[in-house]
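# An overview of the molecular structure
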Amino acid sequence: MNEENQQSIDALLPPCPEEPQESDCYGSGCSPCVFDIYHLQLIEWQKQCNEIRCNERCRSETTDTESDKPLLSQIKFSPFQLLSVQQHTHDTFIYSFQAVRASSEQDLRSHDIKYTHVKEPLDIKVGQHLIMRYNIDENQNGFLTRAYTPISDLKSSRMGQFEVLIKLYEHGKMSKYIQNLKENDIVEWRGPFGNFKYVPNSYRHLLIFCAGTGIAPMYPIAKFIVENDSDETFVQMLFACKSFEDILFRDEMQQLALYWNFSAVIFLSRVESPLQSQARYGEIIRKGKMDKSVIHEHLAGKTLQRVLVLICGTKSFNKDMINYVKQIGVQDENIHLF
Ligand SMILES: Cc1cc2nc3c(=O)[nH]c(=O)nc-3n(C[C@H](O)[C@H](O)[C@H](O)COP(=O)(O)OP(=O)(O)OC[C@H]3O[C@@H](n4cnc5c(N)ncnc54)[C@H](O)[C@@H]3O)c2cc1C
């Protein structure tokens, strides 16, 4: 492979995880410590890089016609058309995208280009994420990329569609771009990434600890399990956010709770009004944070080898949760960090 090809592949690789500073470690013997988490992230990053390099080598050996090209690929950004934007909570929105093909790839950035919808399957598994790219400086080829997790079901995916729930941050770089998106705009995506593989009935209990938009990979996983009649796994979702107005997938969690094998507990860290006044029928809402006693309570009485723990939240949330479940005796192979 020549140097130019090598450079173009290197440009596709995800950013290397940031190594923690010595000062990030409190020196209090945490298990896992920030360096253990960094090590796990590094292994996952290396796996993704190897996969991309391998796919790219295979791809360069074949000359695809436009219609043979995959609609979504890990190595190359593909255009998707924004179908709709729906407000979900005060600061989150659901964006729905449709796979399209351009008449000629060279014209991708031209304004008068024609795109046609392609209703063919996208191979996105539950819990996987995609990377969105935005060209912040066309002259300099400066791109901004961010990861988002499809929340839509397999039915949409079979029709070349996916939905993402995005929280918009006031000063967020990508948030500013996303805020200005309009229906029919073309947005570039690549993926899917993530090594979570779910095999029905391989565990008795799936225990989900998530915070904020960390619920994005968890909702489709829970839905996938409870909608499968032959999957007898119990799913317990513990979701943390600040207040009632920040609860994500509230209606959807209530729908899932109609199934015999799903339950959810919502933890609100900043609530003033009495919980009963805003809690809905059947909702289990608690004040405060998810601490070790909460985790203990939900693992008590379960055979730990038959429990799979899924964790997704902020860095500090993830670190705390991993710490708690490990202290209780859950083994590494029974923990998946998103
Ligand atoms: C694998 C993966 C999957 C993801 N899936 C989703 C998803 O489905 N939906 C979604 O909304 N986001 C998701 N994210 C986060 C997303 O990629 C961006 O980080 C987020 O949208 C902010 O980007 P930005 O450019 O707008 O903000 P930035 O310019 O990167 O940050 C602006 C400010 O916002 C704060 N901030 C940024 N991100 C967070 C955060 N996650 N939590 C708390 N504060 C934050 C920072 O303190 C920063 O000062 C995912 C991230 C990863 C790694």
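An unreviewed UniProt entry lists the protein under the name NADH-cytochrome b5 reductase, with Zootermopsis nevadensis given as the organism. For the protein, the Cofactor (unreviewed entry) comment in UniProt is given as "FAD". Regarding the protein, the relevant UniProt record gives this comment under Sequence similarities (unreviewed entry): "Belongs to the flavoprotein pyridine nucleotide cytochrome reductase family."

## Observations regarding the UniProt feature "binding site: FAD" (unreviewed entry) in the protein
With numbering matched to this structure, UniProt assigns "binding site: FAD" (unreviewed entry) to R146, Y148, L165, K167, K173, M174 and S175. By the element assignment, M174 lies in helix α4 (residues 173–179). Exposure remark for M174: the relative accessible area of 2% places this residue in the buried category. Those residues within four positions of M174 in sequence are excluded, and the remaining contacts are M132, R133, Y134, L144, T145, R146 and Y148. Dropping the residues within four chain positions of it, S175 is found in contact with K167, L168 and Y169.

## Concerning unusual backbone geometry
The omega angle of the peptide bond from G191 to P192 is 0 degrees, so this bond is cis rather than trans. For P192, the position within the fold is in strand β7 (residues 186–193). You will see that N184, though not glycine, has its phi angle at about 80 degrees, which is positive. Along the polypeptide, N184 turns up in the loop between α4 and β7. Taking relative accessible area as the criterion, N184 reaches 52% and is therefore assigned exposed. The residue N201 is not glycine, and still its phi comes out positive at about 65 degrees. Take N201: it is sitting in the loop between β7 and β8 (205–211).

So, how was this worked out
As a convention, each chain's residues are numbered from 1 in the sequence order in which they are written. Where local features are concerned, this predicted model is filtered to residues with pLDDT of at least 70; where side-chain atom pairs are given and counted, the filter is 80 or more; whole-chain, interface and lining totals use all residues. Excluding hydrogens and water, the side-chain figures rest on all heavy atoms present in the structure. UniProt positions are given in the numbering used here, feature names are shortened, and annotations may be inferred rather than shown by experiment. Strands are runs of DSSP state E lasting at least two residues, helices are runs of H or I lasting at least four, and both sets are numbered from the N terminus onward. Only protein chains enter the accessibility calculation, which uses a 1.4 Å probe; a residue is then buried when its area is under 20% of its type maximum, exposed when over 50%, and partly exposed in between. Whether two residues touch is decided by their heavy atoms; if any such pair falls within 4.5 Å, the residues are in contact.

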